[in-house]
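Given next are the chains, with one letter for each unit.
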Amino acid sequence: MNSEEMLSTLYTAARDRGIEFSEEFIPIQGEFNTGPVTLKYLEWGDPRQPTLLLLHGFAQTAHSWDLVSLGLADKFHLISLDQRGHGDSDWAPDGDYSLEAQQKDLQKFVSYIDVDRINLIGLSMGGRNSYVFASENPDLVSTLVVVDTGPRGIRTGGNRIRNFVNMPDVLDTFDEFVERVHSYVPHRSLDQIRGSLANNIRQMNNGKWTWKYDRLLRSPDYRRPAMSDEKLWNYWEAIQCKTLIVRGEKSDVLATETLDEMTKRNKNSKAVVVPNSGHLVTGDNPSGLVKIIQSWFDGCF
């Protein structure tokens, strides 16, 4: 599928999912060298509008925000980043995917895009990276949206994600990947899955297909560097900017009890629930997420 076909598929998928957009925006791809790794990113909308920096979840890519970006590009300048080891960005040469390494990447990237203050939106791993960055850089972050993650997660949801990424990572055909993903998210249409997979897998020299993110991250023996719940709660409580927490209605990663505790332990935050969605809100109900984000920012600016 070439770039024109992928964009056409995106516009069709957006209309089918109820995403409203005034024009068929075309993202611009850019890159930035942090020193250890080169990061790729997608840029949507008018740079004169408020800047939103979007961070994807584990084993995802910048393109996981495409439907949401298309729906927000009328009013915002959006930058969707492929974090280290994911999508088209470099794999970490030393295998360092710690929170500290990702924070250093973010620090350098925010300096590179050269805006006075940014608005951060992150899903899952990207949400954790976002709220830690906001906590440590109050002078750089204007607002924060954290999607379906918190200082404490549900173990069953984490195990489900881990089991999925640990499955055999090389398949003979594109359609085999479509079938695998459909078994993971059976509520999504096959057309939507094909469109998203066009940016998430690649064909190898031998004709087989595999994921675009670092093989180390999906090795059964690999364990991502962990941080204690206590330390993550300390980061959360230190956030000074206006913060919105978004939970997927059927999430098996962020519990309602944790959501309530997050709003109690940081008075700058409020919580909303996106109906008809699980953990991967950006793909499950993108139009619902767009409406929530638009409404939230209407009250912030």
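All values reported here derive from a predicted model rather than from experimental measurement.

A. Looking closely at the overall build of the protein. The number of helices and strands found in the protein is 11 helices and 11 strands. Computed over the C-alpha atoms, the radius of gyration of the protein is 18 Å, within 12% of the 19 Å expected from 2.2 N^0.38 for a compact globule of 301 residues. Taking the principal axes of its C-alpha atoms as reference, the protein extends roughly 50 × 45 × 40 Å. A burial count over the protein gives 55% of its 301 residues as buried. Put simply, of all contacts in the protein between residues at least 6 apart along the chain, 71% involve residues at least 24 apart.

B. Expanded view of helix α6 (residues 174–184). Within the sequence span of α6, burial applies to Phe174, Phe177, Val178, Arg180, Val181 and Tyr184. Taken around the axis of α6, the buried residues stretch over an arc of 165 degrees, which confines them to a single face. Along α6, exposed side chains directed more than 90 degrees from the buried face belong to Glu179 and Ser183. On its buried side, α6 packs onto α5 (155–165), β7 (170–171), α7 (190–197), β8 (201–203) and β9 (209–211).

C. A look at the pattern of salt bridges. Counting across every chain of the model gives 15 salt bridges. Two residues, Asp105 and Arg84, come together in a salt bridge whose shortest N-O distance is 2.6 Å. Remark: Arg84 occurs in the loop between β4 (77–81) and α3 (99–113) and Asp105 occurs in helix α3; sequence separation between them is 21 residues. Across the pair, Arg84 and Asp105 agree in class, each one buried.

D. Fine view of the side chain of Lys212. Looking at where Lys212 falls in the secondary structure, it is placed in the loop between β9 and α8 (229–238). Side chain to side chain, Lys212 and Asp88 meet in a polar contact 3.0 Å long. Setting aside residues up to four positions removed in sequence, Lys212 forms contacts with Gly87, Asp88, Trp91, Asn199, Asn200, Ile201 and Arg202.

E. Representation of the sheet that holds β4 within the structure. Read across the sheet, 8 strands follow the order β1-β2-β4-β3-β5-β6-β10-β11 without closing on themselves; strand pairing throughout is mixed. Pairing within the sheet leaves two strands with one partner each, and these edge strands are β1 (28–33) and β11 (269–274). The average angle at which neighbouring strand axes cross in this sheet is 20 degrees, direction not considered. In this sheet, strand β5 (residues 118–123) lies alongside strand β3 (residues 51–55) in parallel orientation, the contact comprising 4 bridges. Counted as the bridge partner of Leu54 is Ile121 from β5.

F. Up close: the packing of α8 against helix α9 (residues 256–265). At a minimum axis distance of 9 Å, the contact between α8 and α9 shows a crossing angle of 50 degrees. Classified by the angle between their axes, α8 and α9 sit oblique to one another. Within the contact between the two elements, α8 uses Trp233, Trp236 and Glu237 and α9 uses Thr258, Glu261, Met262 and Arg265. Its residues assigned to classes, the contact of α8 with α9 shows 3 nonpolar, 1 polar and 3 charged.

G. How the structure looks around the environment of Pro275. Relative to the elements of secondary structure, Pro275 occurs in the loop between β11 and α10 (281–284). Pro275 sits 262 residues away from Ala13 along the chain, and the two C-alpha atoms are 19 Å apart.

H. Fine view of unusual backbone geometry. For Ala59, which is not glycine, the phi dihedral falls at a positive 65 degrees. The phi dihedral of Asp114 is positive, around 55 degrees, even though this residue is not glycine. By the secondary structure assignment, Asp114 is in the loop between α3 and β5. The exposure class assigned to Asp114 is exposed, which follows from its relative accessible area of 65%.

I. Spatial organisation of the packing of α6 against α7. Where α6 meets α7, the axes come as close as 10 Å, and the angle between the chain directions of the two elements is 120 degrees. It follows that α6 is oblique to α7 by the angle criterion. Like other packed secondary-structure pairs, α6 and α7 cross with a definite hand, here right-handed. Contact with α6, carried on its side by Phe174, Asp175, Phe177, Val178, Val181 and His182, involves Leu190, Ile193, Arg194 and Leu197 of α7 and no other residues of that element. Its residues placed into classes, the contact of α6 with α7 shows 7 nonpolar, 1 polar and 2 charged.

What counts as what
- Residues numbered from 1 in each chain as written.
- Predicted model: local features only at pLDDT ≥ 70, side-chain atom pairs only at ≥ 80, totals over all residues.
- Heavy atoms only, no water.
- Helix = DSSP H or I, 4+ residues; strand = E, 2+ residues; numbered from the N terminus.
- Rg over C-alpha atoms; globule rule 2.2 N^0.38 Å.
- Buried < 20%, exposed > 50% of the residue type's maximum accessible area, 1.4 Å probe, protein only.
- Contact = heavy atoms within 4.5 Å.
- Arc of directions from axis to C-beta.
- Salt bridge = Lys/Arg side-chain N within 4 Å of Asp/Glu carboxyl O.
- Polar contact = N/O pair within 3.5 Å; in protein donor to acceptor, adjacent residues only side chain to side chain.
- Pairing = 2+ DSSP bridges.
- Axes fitted to C-alpha atoms, helices over the stretch in contact; angles between N-to-C directions.
- Parallel < 35°, antiparallel > 145°, perpendicular 65-115°, else oblique.
- Nonpolar A, V, L, I, M, F, W, Y, C, P; charged D, E, K, R; others polar.
- Left-handed = near helix turned anticlockwise from the far one by under 90°.

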